[in-house]
Amino acid sequence: MNLIHRSIDFEKDRDYILERHCRINYACESTWVREMPYPDYRSEWFSLTSQVSGFYGYLKQTAQDERSIAEIIETEAGCIVGYLWTTFCEDDESGFRFAEIQEIYIEEEFRRYGVATQLYEYAEAKAKRNDAKVIRAETGLCNNASVQLHERLGFAPYRYEFEKLLVNKNNQ
């Protein structure tokens, strides 16, 4: 499949990106959060206007770095396949550089065709060209498809995060 990469148009693509970001968040949430049906989760997330604008503002800000990838992926016919957002970071003191795949989303009808693998390879090649020492990505513990993809592509865990629910879900 021949894919076209184009820069995100931050006005035209806003709704698309925000919807896919919400879907990614939901897929990566804790088991107890995902007990909430997606439509309820979506409604709640979009009601958090500072969170929505904060996410989108950060995406726009990082896209200004020429090393970053903030792209919509399309077929030659203009059908959106997904999107990729990768940032680059450098520690001023040590000089340690790394790339971080912030988000990758593939539309369901294009999954299982190797598109995600192609995009990871694309991001990795750009990371190497920009002298990154590592490329990182994160996902939710229960997002099995994403975990398996990362493992298949040679990613290894480097950090664990834990949470403990302190309130009864019904008593919040």
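Quick note: structure is the one above.
Throughout this description, residue numbers start from 1 for each chain and increase along the sequence as written. Local features in this predicted model are restricted to residues whose pLDDT is 70 or higher, and side-chain atom pairs enter the listing and the counts only when it is 80 or higher, whereas totals over whole chains, interfaces and linings include all residues. Only hydrogens and water are set aside; all other atoms, that is, all heavy atoms of the structure, feed into the side-chain values.

**Quick look at the overall build of the protein chain**
Then, number 1: Along the protein chain, the regular secondary structure elements total five helices and five strands.
Then, number 2: Along the protein chain, helices (α) and strands (β) appear in the sequence β-α-α-α-β-β-β-α-β-α when read from the amino end.
Then, number 3: Each radius of gyration reported is based on C-alpha atoms, and the globular scaling rule is 2.2 Å times the count of residues to the power 0.38. Its C-alpha radius of gyration of 17 Å places the protein chain within 12% of the 16 Å reference for a compact globule of 172 residues.
Then, number 4: Considering only C-alpha atoms, the protein chain reaches an extent of 50 × 45 × 30 Å along its principal axes. For helices the rule is a DSSP run of H or I covering at least 4 residues; for strands it is a run of E covering at least 2, with both sets numbered from the N terminus onward.

**Some points on unusual backbone geometry**
Then, number 1: Despite not being glycine, Arg112 has its phi angle at roughly 70°, a positive value.
Then, number 2: Turning to its location among the elements, Arg112 is positioned in the loop between β4 (97-106) and α4 (115-129).
Then, number 3: Not every positive phi belongs to a glycine, and Asp131 is a case in point at roughly 60°.

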